[in-house]
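Breakdown of the fold
For reference, the chains in residue letters:
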Amino acid sequence: MKKRISIVLLTFAVAISMISACGVNDQPTVDDTQLTQVQPKGAGDETTGIDTSKSVNLKMYLLGDGAADVDLVYEEISKILKEKINATITVDFLSWAEHDTRYPLLFSSGEDFDLIFTAAGWGHYEQTATKKGFYELTEDFLNTYAPDIMKVVPEIAWDQAKINGKVYMVPNYSIEYGYDVIGVRGDLMEKYGFDKIESKEELEAYYDAIVKNETDITPLATQGIGLQYPYLFQSRGWQVVRGTPLPLILYETANPNNTTLVSTIETPEFREYAYKMKEMADKGYWSRDSLTSNDTRSDPWVLGKAASMVWNVNNVSHYAQQINKEHPEWKATFTDIAPNVKRPVNPYTNNGVALNAISKNPERAMMALNLFMTDKQVYDLAAYGIEGVHYKAVGEDMYTPLEDAGRFPAETVCNWGWNNENLKRKLYVENPDPVVIKAQEAIERWKNELTSNHPLDAFSFTEENVKNEVAVISTLTTQYFDPICVGIVDDVDKAIEELIAKMKEAGIDKVLQEAQRQVDEYLASK
Amino acid sequence: MKKGRTDVLIFNITGYFITGLVALVCLVPFIMVLSASFSEEKLVLKDGFSLLPRNFSLDAYKTVFEKPEIIGRAYLVTIVLTITGTILGLFLTSMTGYVLQRKDFDWRNRFSFFFYFTTLFSGGLVPYYILMVRYLRLKDSYLALLLPLLFNVFNLIIMKSYMSGIPVAFTEAAIIDGCGDFSIYYRIILPLSKPVLATVGLFIALAYWNDWYNSMLYINDELKYTLQYFLYMRINNIEAYKKIIAQSGGQVGSFIELPTQTLRMALTVVVTGPIILAYPLAQKYFVKGITIGAVKG
Amino acid sequence: MHKKSCIFKLRKYKILLLMLLPALIYTLIFSYLPMAGIVLAFKNYNYADGIFKSPWSGFENFRFFFSSGQAFKVTRNTILYNLAFMVVNTLLQLAVAIFLSEIKGKIFKKTAQSVMFLPYFISWVIVSVIAFNFLSYDYGIINSFLSSMGLNKIDFYGTPKYWIGILIFFNAWKGIGYGSVIYLSAIMGIDTEMYESAEIDGANIFQRIFYITVPSLVPTIIILLLLAVGQIFRGNFDMFYQLVGTNGILFDITDVIDTFTFRALIRSNDVGMAAASGLYQSVFCFITIVTTNYLVKRYEKDYSLF
């Protein structure tokens, strides 16, 4: 009896599983495209309850020089948008040479557009938001019209985007580290007996060897940006408080318990650093004209005039690859002089998109942005171009550029505003340069072990209350701070005294107090 | 007579020497730019500028002219704009200048002040832009390129100053003959003002030729861009690069495609090239001296 | 009585006024209308309210400039440089114009004139690169020359005191073509009869120049100087910013109002503060030129600007 029942049950179970298995294979996957295809054109979207019956033309402003096939690509994007949200989109560019002047004018003159790229610090975010140029993005609004974005963008990003408690941009979701590494020459390291450079001392020894033995190569070409970021705070686990004048106010990102802000120039570490830099400058580690130099940050290293460069890991590995193509014997690579210190992820507000406060269709614009950021088809188009024309997909998460890639180069046409880690494609290279692998491994390691987790990583300072002090301080940094940072001063102590005196006169204490006040308020509200 | 010869000799030696020196100092940097434009980028970056091209290369020019249709079109726009603007501007400026230097016009100083005052006070770019774009609706219009440079006070004052130096004898005869104000201006003063017309005409033409700013502000339609807009945009990219680096603490900026040094040099040469020919043209009108004898005749 | 003469004058000047009309309208629209935007200096501007409805902020926008401790220094620099430029440029351009008008060699004259115009076309961005090539310490042309002669190198970018001369030089260099043309055209307008009678009287060339040419140019010289005086509180931003760049060591000597304001507002891009700085310059320029013009008028009525 039991045996028969079990056989029947077993057969039954197998039958059901076979049927369901077949069923899964045969049923098409339900997705948005299906839903809207089923509905007649012009009807409201029943799944979300949003009325998309009116056809809308959206306009977006992006930064940069665009690309030859922009119109082509955005036509394709418009097709998808038309299907899904009954909207089309056109794009206009503010080139690098003009965005500073034209960006604010777009708002002053009340130009009619809907979306615009923005970024904290360098992309007019704070300035436009405080002048009421952007549309306020409330939680309700975002949840209604951009539910997918809400699932992707991390909580901390929204915090970073807050100005006086309100959010005005959608930050991108891209995990990048601004932490500086040092690009170095493998061949020179070998020549002078360095198998690794993983501390300040080793770096200085490397520089020393170069300066003593190489006539045509300087250790570092600074262009005014020397070793201050690595030495002054990165290698010690500190970070600049976002929104404060660089790099004068620091917090200890590696230690979540320490929330006291510190003024860089008054720390003993700064004085130590200043002495060391003067020593290096006097020894000839870099040109006396560093403050004026017209060189870019990378050219001297790439051309072989300098033995190292300082920048973040993505850029350094990019230039290292360039070097290795032309001069494989130089064995360009990079090194981290503080490989075990915690470092923060770049603020997500480094790239983002905002809505125009006077946009006529903010809801539809938000829905469009929702698609840009989370819909694989749209994302691929905006980032990589048209499949088969500009790039070839390699699997789900990689790509190779095709012949026409120059007409729409990957990830160059200002798509960074809606970067999405989950949808990004990696460049597929058959034999990647070891530097590339090293960089990827480094970033992985940082993601897993070394990302700092400090409450202030999400905090942004607003300078409204101290804007005059900040303005004056901005004039002083170039004059009194930068020369000390590259050691081009006659008397270090005197220079520091003068710097501190001028800064105090300008009101740096007031700014520090205001920052601490905002920080305390922010922490208390959590 | 011997006395005459030595002083002319001294004068000539000093004259040729000084003007030659000045000309040389003006020429050498330009030659360096020219040489760099014909050089190989890497060598320029490594070894700097020189009088002769380093490793002759046309790469920079190839890039400048890589889209000949665009450059050709931009050239056309610029040339038409310059010619139209110069003619209209000259007419406007000279007419106004004439009126303001008439010694029998009692209100001339008040009107002069009216014009001059605008060089002292200005509302800045924002209100000007709003006026042009919102109220005059000149976005993407050729007028936005033509109007701003048509008339300016500096040219007006030069014109007025020159015209006031024309001896009254010339106009007296015409007044006796019953000529009206406009006729005097048109038939007598203008022909006598060839040098200043050439000068101010040259200035106006140069202003139009060099203008990229107005294109940047008001034009979006690619077909309407002037030559300078294309060229200066690429030269100025590097400023944006530096500023973004400074503002973001070095975090951002790697994606900006920077023009190479040689490209910027080639752009400068292309920008200068044609207009430098306009100068000899203007020189034709620098006819020395007015002879009062002409009036008597 | 007054009213009658007004109408009388209107009729008398009818055509002249008509001839003035186009320029008047032009100036009204393009210069006077936007001038209203000066209020931005006193407002806390935001896009929603626009220029006229934004809230007033009194003298708040001026505070950054005057509380910086650098207001005097940058103002002083601006004025002194402009004075130096005025003197050097006038003398140089005058000399060049006179020489060019008297020298006989036609080809030399035409070539020299054209060549002198070349600097005008080279944007300051490029000039700064060329200057760096000449002045840099390590491989600059001047220093390479000096060390090849066994002499000590000069640290141009590290020594502020050289920059007064360097800036004056570059300013003169850039404007020589433009400026000398104005004087040249004025010389062309001098009545040749005066020269002829001077020749007959046995004057040598130097006497001709000093007793005829220069005096005839005095009105032009004065007008150009007045125009320069009217801009004496404004610095040539492009030149100072490109040549000096971010080399803070030199700022005490080379910082002018415009570069200072630029640096102060580099982060905030605050329209109101920029307008305030501009207004400060405008007001002082106004006071200066009105006073100077009045003094010139007392000396010789026809030489004045207005």
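Residues numbered from 1 in each chain as written. Chains lettered and ligands numbered in written order. Predicted model: local features only at pLDDT ≥ 70, side-chain atom pairs only at ≥ 80, totals over all residues.

Right, let's talk about the packing of helix α8 (residues 153–163) of chain B against helix α11 (residues 194–210) of chain B for a bit. All names here are of chain B. Packing of α8 against α11 leaves a shortest axis separation of 10 Å and a crossing angle of 175°. When the axes of α8 and α11 are compared, the pair comes out roughly antiparallel. Every residue of α11 that contacts α8 at Asn155, Ile158, Met159 and Tyr162 is listed here: Val196, Thr199, Val200, Phe203 and Ile204. A per-class count over the contact of α8 with α11 returns 7 nonpolar, 2 polar and no charged. (Axes fitted to C-alpha atoms, helices over the stretch in contact; angles between N-to-C directions. Helix = DSSP H or I, 4+ residues; strand = E, 2+ residues; numbered from the N terminus. Parallel < 35°, antiparallel > 145°, perpendicular 65-115°, else oblique. Contact = placed C-beta atoms within 7 Å. Nonpolar A, V, L, I, M, F, W, Y, C, P; charged D, E, K, R; others polar.)

This part covers the domain arrangement of chain C. Residues and elements named next belong to chain C. For chain C, the assigned domains are domain 1 (22–58) and domain 2 (71–303). Inter-centroid distance (C-alpha atoms) of domain 1 to domain 2 is 32 Å. Across the contact, 7 residues belong to domain 1 and 5 residues belong to domain 2. Per-class residue counts for the side of domain 1 that touches domain 2 are 4 nonpolar, 2 polar and 1 charged. (Domains from an automatic or database assignment.)

Before going further, it helps to examine the nonpolar core. Membership of the largest hydrophobic core comes to 314 residues, with the highest contact counts inside it found for Met169, Val241, Leu250, Leu261, Ala368, Leu369 and Phe372 of chain A. In this structure Ala368 of chain A touches Leu58, Leu81, Ile85, Ala87 and Ile89 of chain A, once residues within four positions along its chain are discounted. (Core = buried A, V, L, I, M, F, W, Y, C linked by C-beta atoms within 7 Å. Buried ≥ 20, exposed ≤ 12 C-beta atoms within 10 Å, placed from the backbone.)

On to the interface of chain C and chain B. Taken together, the contacts link 76 residues of chain C with 83 residues of chain B. At the level of secondary structure, the elements contributing two or more residues to the side of chain C that touches chain B comprise α2 (14–35), α5 (71–102), α6 (106–121), α7 (124–135), α9 (162–188), α10 (192–200), α11 (205–229) and α15 (271–299) of chain C. When residues of the side of chain C that touches chain B are assigned to their parent elements, the largest contribution, 14 residues, is made by α2 of chain C. Grouping the constituent residues of the side of chain C that touches chain B by class yields 54 nonpolar, 15 polar and 7 charged.

On to the interface of chain A and chain B, then. The partner chain B presents 26 residues to the 28 residues of chain A that form the contact. Listing elements by their share of the side of chain A that touches chain B, those giving two or more residues are α4 (99–108), α13 (299–303), β11 (308–312) and α14 (313–326) of chain A. Looking at which element gives the most residues to the side of chain A that touches chain B, the answer is α4 of chain A, with 3 residues. When the residues that make up the side of chain A that touches chain B are grouped by side-chain class, the tally is 10 nonpolar, 13 polar and 5 charged.

Here we take up the domain arrangement of chain B. Split into domains, chain B comes out as domain 1 (1–57) and domain 2 (67–296). Broken down by element, the residue count for the side of domain 1 of chain B that touches domain 2 of chain B peaks at 4 residues, all from helix α1 (residues 2–37) of chain B.

Residues and elements named next belong to chain B. For chain B, per-residue confidence averages 84 on the pLDDT scale, and residues scoring 70 or more make up 90% of the total. Within chain B, the lowest mean pLDDT, 42, falls on helix α16 (residues 293–296), and the highest, 95, falls on helix α7 (residues 143–146). Below pLDDT 50 for its whole length, residues 290–297 participates in 12 contacts with residues either more than four positions away or in separate chains. (pLDDT = per-residue confidence, 0-100.)

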